[in-house]
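These are the residues of each chain, in order.
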Amino acid sequence: MTAWIDQALWCLDRQQPAVLISVASVRGSAPREAGAKMLVSAGHQWLTIGGGQLEWQATRLAREHLGNADHPDRWVRDMPLAASAGQCCGGLVTLLFERLRDTDRAWLRDACDRLRRQESFEREVGVGGPGVTPWVRLQAPAAASHPANRFQAARLLDPSDPRGCPVLTEPLRPDSLQILVFGAGHVGHALVSILGTLPCRVTWVDAREDLFPDVVAPNVVIEATDTPEAVIDQAPAGSCYLVMTHDHALDQHLCEQIMKRDDAAYFGLIGSATKWHKFRQRFAARGIPPERYARITCPIGEPGIEGKQPAVIAVSVAAQLMRLRTQREHRATQADLAVTH
């Protein structure tokens with residue numbers, strides 16, 4: 001997701017001094033994974049590195065150095081959770097602190113553009129030291145390495161780097177989960193609101209432009225169009241589709257268009273068991289092979305979560321999609337292990 005980049009640029013645009021805090025590495029149990037980020041200004045904080053004493057102490061350290069011109073702009077701090085934070089996790093978290101200045105705007109914009117172009121890359125951060133100016137640069141991703149040394153996040157390289165300072169490398173990659181939501185009704189609004197906070201990319205489609213909100217999350221793109229078939233045709237392979245329009249005939253048409261592709265990672269249709277029974281009859285009458293529509297999830301949502309309120313349905317569907325994302329991540333890790341052994 002680009003939320004931390006967007007927020008950092010927001011602070012710079014408003015000349016609001018801020019510190020970007022990243023979980024650089026984790027040993028043992030910790031509240032957040034490596035790569036988690038938060039931004040801290042004198043009076044506000046955005047995102048989270050896990051809450052509790054760890055976050056409180058990190059926020060205090062960031063604010064202490066915001067107005068200290070003699071302190072380096074980038075530094076690393078080890079945080080033993082049991083000893084210094086009194087947390088039961090008991091692990092060791094290494095935090096990277098970065099005082100953002102207007103000179104950081106270029107790499108932040110470049111990173112945002114690369115992620116939106118679906119490019120993977122690495123962010124190299126030189127912390128600096130005596131006679132060495134801190135730096136940030138973006139570069140092509142390194143060759144595949146053992147998963148323990150790659151993303152989830154920033155990894156601390158050789159602390160005695162020949163350049164005379166610690167260097168951290170953070171692999172960054174675009175969100176792999178592309179979700180297309182058809183319908184801007186109550187459930188569509190509730191679902192997109194949740195998806196806007198999660199690691200995914202969302203295309204929200206409806207012909208009724210007036211139903212869309214004025215502002216959406218950075219990972220959401222609105223398509224106000226009366227030709228949703230074109231959006232389906234242009235979607236990347238392995239996309240997730242949620243069909244939840246106001247019109248059953250349109251729902252059926254969209255389902256048939258999606259089934260022509262036969263490459264959906266997830267295909268959900270809102271509706272009751274009765275609606276799904278009628279749709280199966282119509283698909284069969286049109287000669288669509290049963291194995292095609294057998295992949296449609298209807299009713300949508302996690303089994304066992306009951307309720308027809310839009311928010312309840314949205315939470316249930318979001319849970320299904322995040323489970324799919326986790327399964328993808330596990331498969332990717334196993335593939336990397338196979339390559340490196």
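Below you will find a few notes about this structure. (Residues numbered from 1 in each chain as written. Predicted model: local features only at pLDDT ≥ 70, side-chain atom pairs only at ≥ 80, totals over all residues. Heavy atoms only, no water.)

### Some details on the pairing of strand β6 (residues 121–126)
Burial runs high along β6: 6 of the 6 residues are buried. Going residue by residue along β6, you find Phe-121, Arg-123 and Val-125 tucked away on one face and Glu-122, Glu-124 and Gly-126 tucked away on the opposite face as well. Sheet topology places β6 next to strand β9 (residues 167–172); 6 bridges connect them, and they run antiparallel. In the strand pairing of β9, Phe-121 is matched with Leu-172. Direction of pairing for β6 relative to strand β7 (residues 135–139): antiparallel, over a ladder of 5 bridges. Considered in β7, the bridge of Glu-124 is made with Arg-137. (Buried < 20%, exposed > 50% of the residue type's maximum accessible area, 1.4 Å probe, protein only. Helix = DSSP H or I, 4+ residues; strand = E, 2+ residues; numbered from the N terminus. Pairing = 2+ DSSP bridges.)

### Topic: the nonpolar core
Counting 28 residues, the largest nonpolar core has Ile-179, Val-181, Leu-191, Leu-195, Leu-242 and Leu-321 as the members making the most contacts within it. Among the elements of the structure, β10 (178–182), α5 (186–195), β11 (201–206), β13 (240–243) and α10 (310–340) are those that each provide at least two residues to this core. It is α10 that contributes the most residues to this core, 7 residues altogether. Look past the residues within four positions of Leu-242 in its chain and what remains in contact with it is Ile-179, Leu-180, Val-181, Phe-182, Leu-191, Tyr-266, Gly-268, Ile-300, Val-317 and Leu-321. Core analysis: the second largest hydrophobic core is formed by 25 residues, Ile-5, Leu-115, Val-127 and Leu-172 among them. (Core = buried A, V, L, I, M, F, W, Y, C linked by side-chain atoms within 4.5 Å. Contact = heavy atoms within 4.5 Å.)

### Section: the sheet that holds strand β2 (residues 37–41)
In spatial order, the strands read β3-β2-β1-β5-β4; together these 5 strands make up an open sheet with antiparallel pairing. Strands at the two margins of the open sheet, each flanked by one partner only, are β3 (45–47) and β4 (74–80). The sheet shows a mean angle of 25° between the axes of neighbouring strands, direction not considered. Where strand β1 (residues 18–27) and strand β5 (residues 92–100) come together, 9 bridges link them in antiparallel fashion. Within β5, the position partnered with Ile-21 by the bridge is Phe-97. Contacts from helix α2 (residues 52–66) reach β1, β2, β3, β4 and β5 within the one sheet, and its direction differs from that of β2 by about 45°. (Axes fitted to C-alpha atoms, helices over the stretch in contact; angles between N-to-C directions.)

### A word on helix α8 (residues 273–285)
Taking 1.5 Å per residue as the helical rise, α8 with its 13 residues ought to reach 18 Å, and the 19 Å between its terminal C-alpha atoms agrees with that figure. Those residues of α8 that fall on the buried side of the exposure criterion are Lys-275, Trp-276, Phe-279 and Phe-283. All buried residues of α8 lie within an arc of 95° about the axis, which places them on one face of the element. Residues of α8 that are exposed and point over 90 degrees away from its buried face: Ala-273, Thr-274 and Ala-285. Two residues or fewer after α8 comes Gly-287, characterised by a positive phi angle close to 80°. (Expected span 1.5 Å × (residues − 1). Arc of directions from axis to C-beta.)

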